[in-house]
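For reference, the chains in residue letters:
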Amino acid sequence: ENFFDNLADRFRRDHEENRRDERHLESEIEIAHAVNLSVDVSTPLKVVSVDFQPKLNAANHHCEKYKLVDIREGTPIIRRSGAFSLIVEFTKDIDLKKQHQLTFYFSFGASPNIHAGTQAMLLVSGKKLFDKNHEQWDIRLENQTGNKATVEVQVPSDAPVGVWNTTVEIRPRGTDTASGRHLLRLDTLLYILFNPWSKHDATFMEEEDKREEYVLADVGKIWQGSYPTARGRHWVFGQFDDVVLPACIIMLERSGLRPESRGDPIRVSRAITKIVNSNDDAGVVVGRWDGKYDDGTSPSGWTGSIKILEEYVRFHRPVKYGQCWVFAGVVNTVCRALGLPSRVVTNLNSAHDTNVSLTIDEYFGDDGKELDKDVAYDINAAGVNDSIWNFHVWNDVWMTRPDLPPGYGGWQAIDATPQETSDGVFQCGPASLEAVRRGQMELKYDVPFVLAEVNADVVRWKVDKEAEDGFKKLTSDKSHVGRQVLTKKIGPVDDGRIYEKDKEECTSDYKAPEGSREERVTLHAAARRSRAARHAFRFPSEAMEDVEFTIDDVERVPIGNDFSITVKAVNKSEVNRTVNIVMTAVSTYYTGAKAHDIARAEGKFILKPSETKTLSLPVTYKQYYHKLVEHALVKLVAICSVEETSFAWIGEDRFEVLKPRLKVELLSPCIAGKPLETRFSFTNPLPVTLTKCVLVVDGPGLTRPKTIPVKDVSAKGEMVYELKVYPTKEASCTLVATFNSRELFNLTGSSLVEVAPTES
């Protein structure tokens, strides 16, 4: 636990000068109390202790789940725009209304300042009611008996979030001299968080079920895969773990966000996207997409955020490795820990637009084959680094937007995955979803990038020496990008063994229905605000399209099964047409980048008038198995051209080769304080032995993250592992597990666990 002490030391720089005398005095008081004696009246008046009543205040502020509240003497954790109570003990009886003056000083950051909102000086006047508005600090005397006084402190609705320091001063009334004055700087760290329960807070969320989900739920799901077969991956956010809040404070310190700005959820959320990736400032997670993870943990190896943040705090360096869902999972943990309502969203067929054209540009040569990027660069093609990710994961956070016109508050998109820079560093958002939906490109922050992710057109260009820019526009696909935007539905986590009932589509939050007049008008209005977009949208596609091509979608291929690419060509003209077709299958990373060639076939044939022909390319398990990479994603492409008309058509399909679910079973009654027996199992679908097997188990309230080496699993054999976990108190929990081996990886599973109270 030394790293917790090290963290506390960051905020105790000014706390040592009076400690020796105070400890001596406290010893005298303790001895006097132990023998039931009273302290001599000649004892100088000093503050002995301040009880922050962490459990009582936490319960009143919806913070009782934080483990820091329960461990050691208890850490006070409260929410702004509310009040908390303190009990102050003195060396002798006091009279705060007539004889003594009690003052509290609350300070935030290295250079606290009252005018900047990072310091407060509160004089206990004896009043019984608060009389200042919600944007101001206030204090009232709740009770005074003998040598103890109970006060209640009102925290402003815009107070900076993070760790505050407290100093208490007692002195005789009517004197400004140091005579009789005692100043006690407290070691206690006071955490103040955002307050979505308060209508005065910028993060206010009115519905209780939404607060339960987007602030208090510590386990959720992140959808991965291809449209329409994406599946939910369980993720332990674990925002109440005792390592998380200290990690959040370190992150905000390292982000460079000024202390006076840490009460603004707009700036805080933007800073979080910057510090969760490691690209600019030694942030939390190192991104890697090439499949080489030997010097760290594979992105698929994490079950949640706790272990990542623990490593970050303990070793003071970025953690290897993550991809988009890992960045989003950590962001969600940090936001919820700080009280900022947040959700994880997955965009299926997500565009990465590198030149703000609102298009994903693909270039083809005279022969109809796609140009390599190097070739496209040489002929000055724009947007050659554009790509379409099978899926991309980011976060939405909930807040008001006083910096924008009315109506743009609510959900805001933020993204910590380092893709493009914003204001010179890798950060993204918050982008108002309403601004994205309306195509308001000029509104802060990063609306054009998010708009392109969910609604860009895929534009295909062909080399044409006679064209003004060297290319002519072949086709434009208006519906491929942003096929679905998914998040977890409000309510319990579903284990997903049959059908995932906890999946919610939120595409309509980002754009109007695909192909509707509203959707097209929005995109074209946005395009008028971008020079690159105007260029792409002003060219019409070629019109001579009298041969119709379609490619059959491949939706579900269990790993170990064969599949095929099927293309149908229909001649709609009254003359013969000569058709060339090239069909390929490649494995891809989830970013859309090609990994390995799997299969290829090409052919040429004559289509008679009104004739239909179907061509198929079969792909066997032996052909594709060793070519798969993470997520087992496959891209099928058919490139077709008609010689007589120069018409070219490109069709593609992306799908995920499906893997078995990891089964999680409870073998004994679940009672707080007693061991719970669990079993993890699945059947190996492959005709090869699984080696270097690792099982990772996680579950807040049940166990901290555990990494368990597992013996080899034989071909077509069953993996079974039994484990005892130890629930600590009555609660509704989720046990999450992942399995990885050299031959088969990224298997996940979970089980809901209802922990009964301890038997009396």
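The numbers attached to residues start from 1 for each chain and follow its sequence in the written order. Residues qualify for local features only when their pLDDT is at least 70, as the model is predicted, and side-chain atom pairs are given and counted only at 80 or more; totals for whole chains, interfaces and linings, by contrast, use all residues. Hydrogens and water molecules were not included; the side-chain quantities draw on all heavy atoms of the structure.

For the chain, the name recorded in an unreviewed UniProt entry is protein-glutamine gamma-glutamyltransferase, with Cherax quadricarinatus as its organism. UniProt positions are given in the numbering used here, feature names are shortened, and annotations may be inferred rather than shown by experiment. Of the chain, the UniProt comment under Catalytic activity (unreviewed entry) reads exactly: "L-glutaminyl-[protein] + L-lysyl-[protein] = [protein]-L-lysyl-N(6)-5-L-glutamyl-[protein] + NH4(+)". Entered under Sequence similarities (unreviewed entry) in the UniProt record, the comment concerning the chain runs "Belongs to the transglutaminase superfamily. Transglutaminase family."

Trainee: Just checking my understanding: could you explain the side chain of Asp201 for this structure?
Mentor: Mapped onto the secondary structure, Asp201 falls in the loop between β10 (190-193) and α4 (208-216). Note on exposure labels: buried denotes an accessible area under 20% of the residue type's maximum, exposed denotes more than 50%, and partly exposed covers the range between, all computed with a 1.4 Å probe on protein chains only. Of the residues examined, Asp201 reaches a relative accessible area of 2% and is grouped as buried. Two N or O atoms count as a polar contact when they lie within 3.5 Å, although within protein this holds only if one can serve as hydrogen donor and the other as acceptor, and sequence-adjacent residues are included solely when both atoms are side-chain atoms. Engagement of the side chain of Asp201 in a polar contact is seen with the side chain of Arg80, the distance being 2.6 Å. In contact with Asp201, not counting residues within four places along its chain, are Arg80, Ser81, Ser157, Phe194 and Asn195. By the criteria applied, helices consist of DSSP H or I runs no shorter than four residues and strands consist of E runs no shorter than two, each listed in order from the N terminus. The criterion used for residue contact is that any of the two residues' heavy atoms lie within 4.5 Å.

Trainee: Just checking my understanding: could you explain the confidence of the model for the chain for this structure?
Mentor: Predicted coordinates in regions of low pLDDT should not be interpreted in detail. With 89% of its residues at a pLDDT of 70 or more, the chain has an overall mean of 88. What pLDDT reports is the predictor's confidence in each residue, on a scale of 0 through 100. When the criterion is pLDDT under 50, residues 11-41 qualifies, and its contacts beyond four places in sequence or with other chains add up to 33 contacts.

Trainee: Before we go on, may I ask you to explain the packing of aromatic side chains in this structure?
Mentor: Aromatic ring pairs are defined here through the distance separating the ring centres and the angle between the ring planes. Two aromatic rings from Phe, Tyr or Trp, using only the six-membered ring of Trp, form a pair when their centres are within 6.5 Å; if the ring planes differ by under 30 degrees the pair is stacked, by over 60 it is edge-to-face, and anything between is tilted. Under the criterion given, the structure shown has 22 aromatic pairs. Centre to centre, the rings of Tyr293 and Tyr321 are 5.9 Å apart; their planes meet at 50 degrees, and the pair counts as tilted. Taken together, the residues Tyr293 in the loop between β13 (285-287) and α7 (306-315) and Tyr321 in strand β14 (residues 319-322) connect sequence positions 28 residues apart. Pair check on accessibility: Tyr293 and Tyr321 agree, each one buried. Judged by centre distance (5.7 Å) and plane angle (65 degrees), the rings of Trp325 and Tyr590 are edge-to-face. One end of the pair, Trp325, is in helix α8 (residues 324-337); the other, Tyr590, is in the loop between β27 (577-588) and β28 (594-607), and 265 residues separate them in sequence.

Trainee: It is not clear to me how empty space enclosed by the protein should be interpreted in this structure. Could you clarify?
Mentor: One water molecule sets the probe size; rolling that probe over the atoms shows where empty space is left. Using only the protein atoms, space was sampled on a 1 Å grid; points where a 1.4 Å probe fits but cannot get out form cavities, open sets with protein on both sides within 12 Å along at least five of seven lines form pockets, and lining residues are those with an atom within 4 Å of a point. Grid points are joined across faces, edges and corners, and a volume is the space filled by probe spheres set on the points. Within this structure, the stated rule accounts for 4 cavities of 30 Å³ or more. By volume, the largest cavity is sized at about 160 Å³. Forming the boundary of the largest cavity are Gln224, Arg231, Gly232, Arg233, His631, Glu656, Lys659, Pro660, Arg661, Asn746, Leu747 and Thr748. Elements supplying a minimum of two residues to the lining of the largest cavity: β12 (231-236) and β38 (747-755). The element best represented in the lining of the largest cavity is β12, accounting for 3 residues. By the convention adopted, Pro, Cys, Tyr, Trp, Phe, Met, Ile, Leu, Val and Ala count as nonpolar, Lys, Arg, Asp and Glu as charged, and the other residues, Gly among them, as polar. Counted by class, the lining of the largest cavity contains 2 nonpolar, 5 polar and 5 charged residues.

Trainee: Before we go on, may I ask you to explain the sheet that holds strand β35 (residues 703-710) in this structure?
Mentor: Strands pair in a sheet through their backbones, by hydrogen bonds, and they do so in one of two ways: parallel or antiparallel. The 4 strands are arranged β35-β34-β37-β38 in an open sheet whose pairing can be described as antiparallel. The outermost strands of the open sheet, each flanked by one partner alone, are β35 and β38. Going across the sheet, the axis of each strand differs from the next one's by a mean of 15 degrees, ignoring polarity. When DSSP finds at least two bridges between two strands, those strands are taken to pair. As judged from the 9 bridges shared by strand β37 (residues 731-740) and β38, these two strands associate in the antiparallel manner. Its bridge partner being in β38, Ser732 is matched across the sheet by Glu754. Fitting a line to C-alpha atoms yields each axis, with helices limited to the stretch in contact; the angle taken between N-to-C directions then spans 0 to 180 degrees.

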